[in-house]
Structures are given as structure tokens and as C-alpha cells.
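Fold and contact review
Spelled out, the chains give:
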Amino acid sequence: MEYGSDTNGWINSFALVAYIKDPLANFLDDLRRRLVPECRPHAHVTILPPRPLSGTIALALKSIREYARDRSSFQLEATGLAVFPETNVIYIELGLGRDVLMEMHRDLNRGPLEFQEPFPYHPHITLAQELTAEAAVGALATASRLWKEYRDTRIIDVEDLTFVQNSLRGCWSDLASVALAQPVNKR
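Residues numbered from 1 in each chain as written. Predicted model: local features only at pLDDT ≥ 70, side-chain atom pairs only at ≥ 80, totals over all residues. Heavy atoms only, no water.

1. Remarks on the confidence of the model for the chain
Just so we agree on the cut-off: Known as pLDDT, the predictor's per-residue confidence is scaled from 0 to 100. The contact criterion used throughout is that any non-hydrogen atoms of two residues lie within 4.5 Å.
Here the chain averages 91 in pLDDT, and 93% of its residues register 70 or above. In the predicted structure, residues 1-5 sits below a pLDDT of 50 and forms 16 contacts with residues beyond four places in sequence or in another chain.

2. A word on the sheet that holds strand 8 (residues 172-179)
Each strand in a sheet pairs with its neighbour through backbone hydrogen bonds, running either in the same direction (parallel) or in the opposite one (antiparallel). How we decide: At least two bridges found by DSSP between two strands are what make those strands a pair. Segments assigned H or I by DSSP are reported as helices when at least four residues long, segments assigned E as strands when at least two residues long, and all are numbered from the N terminus. Lines fitted to the C-alpha atoms define the axes, with helices restricted to the stretch that makes contact. Angles between their N-to-C directions range from 0 to 180 degrees.
Pairing in this open sheet of four strands is antiparallel, and the strands run 2-1-7-8 from one edge to the other. The open sheet terminates on both sides in strands that have one partner only, identified here as strand 2 (44-51) and strand 8. Strand-to-strand, the axes of this sheet are offset by a mean angle of 25 degrees, without reference to chain direction. Note that strand 1 (residues 10-19) and strand 2 share five bridges and pair antiparallel. Bridging from a neighbouring strand, alanine 18 pairs with valine 45 of strand 2. Taken strand by strand, helix 2 (residues 57-69) contacts strand 1, strand 7 (160-167) and strand 8, and its axis lies near 35 degrees from that of strand 8. Its contacts with the sheet put helix 3 (residues 98-108) on strand 1, strand 2 and strand 7, and the angle it makes with strand 2 is roughly 25 degrees.

3. Looking at the packing of aromatic side chains
The geometry of two aromatic rings is summed up by the distance between their centres and the angle between their planes. This is how it is decided: Note on aromatic pairs: the rings of Phe, Tyr and Trp (six-membered ring only in Trp) are paired at centre separations within 6.5 Å, and the planes decide the class, stacked below 30 degrees, edge-to-face beyond 60, tilted for the rest. Definition used: whenever NZ (Lys) or CZ (Arg) falls within 6 Å of the ring centre and also within 35 degrees of the ring normal, the charge is taken to sit over that ring.
For the structure shown, the criterion picks out five aromatic pairs. Members of the aromatic cluster, joined through ring pairs, are Phe27, Trp147 and Tyr150. When the ring centre of tyrosine 67 is taken as origin, the NZ or CZ atom of arginine 71, which lies over that ring, is 4.1 Å away. Positioned above the aromatic ring of tryptophan 147 is the side chain of arginine 154, whose terminal nitrogen or guanidinium carbon lies 3.9 Å from the ring centre.

4. Focus on the layout of surface pockets
How we decide: Points on a 1 Å grid, built from protein atoms alone, make a cavity when a 1.4 Å probe fits but cannot get out and make a pocket when they are open with protein on both sides within 12 Å along at least 5 of 7 lines; residues with an atom within 4 Å of a point are the lining residues. Grid points are joined across faces, edges and corners, and a volume is the space filled by probe spheres set on the points. Residues are grouped as follows: Ala, Val, Leu, Ile, Met, Phe, Trp, Tyr, Cys and Pro are nonpolar; Asp, Glu, Lys and Arg are charged; all remaining types, including Gly, are polar.
Taken as a whole, the largest pocket spans an internal volume of roughly 1,400 Å³. Forming the boundary of the largest pocket are 42 residues, of which Arg32, His44, Pro50, Thr126 and Gln129 lie nearest the centre. With five residues, strand 5 (residues 124-128) is the single largest residue contributor to the lining of the largest pocket. Partitioning the lining of the largest pocket into residue classes produces 24 nonpolar, 11 polar and seven charged.

5. With respect to the nonpolar core
Put simply, the test is: What is meant by a nonpolar core is a set of buried Ala, Val, Leu, Ile, Met, Phe, Trp, Tyr and Cys residues, joined one to another through side-chain atoms within 4.5 Å. Only protein chains enter the accessibility calculation, which uses a 1.4 Å probe; a residue is then buried when its area is under 20% of its type maximum, exposed when over 50%, and partly exposed in between.
Residues Ile20, Leu24, Leu28, Leu101, Ile125 and Phe163 are the most contacted members of the largest nonpolar core, which totals 51 residues. In contact with leucine 28, not counting residues within four places along its chain, are Ile20, Ala43, Ile92, Ile125, Leu127 and Trp147.

6. Here we look at the pairing of strand 3 (residues 74-84)
With four bridges connecting them, strand 3 and strand 6 (residues 155-158) associate as antiparallel partners. Its bridge partner lying in strand 6, glutamate 77 is registered against isoleucine 155. In the sheet, strand 3 pairs with strand 4 (residues 89-94) via five bridges, with the strands oriented antiparallel. Along strand 4, the bridge assignment pairs leucine 81 with isoleucine 92. Between strand 3 and strand 4, which pair antiparallel and follow one another directly, the connecting turn spans four residues, one of which, asparagine 88, has a positive phi of 60 degrees.

Here is the structure:
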């Protein structure tokens with residue numbers, strides 16, 4: 001499928017993400033719906049933020065597959081909450097594995113996936129976006145309380161990457177999942 005080639009309104013906007021698995025994903029999706037009831041969450045960490053492609057989907061996927069072939073799976077740790085002041089986006093910081101995401105972003109942001117992003121890449125898990133500054137204050141208080149109460153794992157096993165495409169309706173669709181080379185070494 002190429003962008004703009006069907007009636008679903010697919011657009012030239014793509015991203016590369018690593019989906020988070022349960023039980024953390026379930027908690028994060030519930031939290032996002034509580035903070036922004038109209039959102040349709042699917043807990044993830046973004047490696048390449050939304051961008052247009054300069055080439056075809058096939059070339060972008062080839063680049064991702066070639067990269068993933070020699071990269072080991074890894075772990076991330078979800079840590080504290082913060083807010084991007086420019087956009088009022090509430091997010092969870094990442095500790096363990098953050099450096100791996102920075103490297104992946106740097107290595108993959110070239111060729112058919114290259115894009116000059118409006119903000120420097122900052123690995124995180126989005127909890128709420130498109131909030132006013134006032135709404136962000138209340139949402140951050142709620143999110144902080146619930147995050148402190150969460151008692152299950154905060155470790156995320158990143159074993160595959162998913163290439164996604166956006167539509168005119170703002171719905172993201174999975175185009176392909178690409179496995180990383182080696183399984184996660186559990187600590």
C-alpha cells in the first residue's frame with residue numbers, strides 16, 4: 001500500500017514505534033483514557049516521530065529491516081513523570097535503555113526515513129497531549145498519583161519495532177512489525 005492510494009485517507013505521515021506489552025500497557029492505556037477520554041491509546045515508545053517519507057514505503061521498510069537484523073533486543077525502564085513546557089504534553093521519562101533509543105533514532109533518521117524534526121528527539125511515553133496549560137496541571141497531578149500507586153513492572157522488553165502510517169482521521173495503522181535480532185537478556 002502506498003500513501004494516498006486508497007479511500008481510507010492514508011497520508012504521507014509515518015512513524016516507527018515499539019509497543020509496550022501488558023501489564024504496563026493496560027495501565028498506561030487506562031491512564032491515557034482517564035486523562036484524555038477521547039483518545040484511542042496503544043501504549044508505545046516512539047523511535048522515529050511522525051514524518052513524511054522521501055521515498056516509498058518499501059524502501060523505508062528495507063532500511064528498518066536492515067538495521068534491525070544486527071540489533072539486539074533491549075529493555076527500557078519507565079521512571080518519573082514530566083511535561084514538555086512548549087506543548088503541555090505529559091509523559092513518562094525513560095531511564096534504562098534511553099541511550100539505546102537515542103542511538104536508534106540517530107541511526108534510522110537517514111535515507112528514506114530522514115526528517116528534520118521540529119523538536120530534538122526525547123525518548124518518552126506520552127500520557128496526554130493537546131492540553132491547555134491549565135488542563136495539564138490537573139492532569140499531571142492525577143497521573144502522578146496513579147503512577148505512584150502502580151505496583152507492577154516498569155520494565156519494557158523491546159523485541160520488535162512497528163512501522164505505522166497515519167490517516168486523515170488521525171488513526172494510525174500498523175504496516176509492518178520488524179523483529180530485533182536477539183532476545184532480551186533479562187536482568
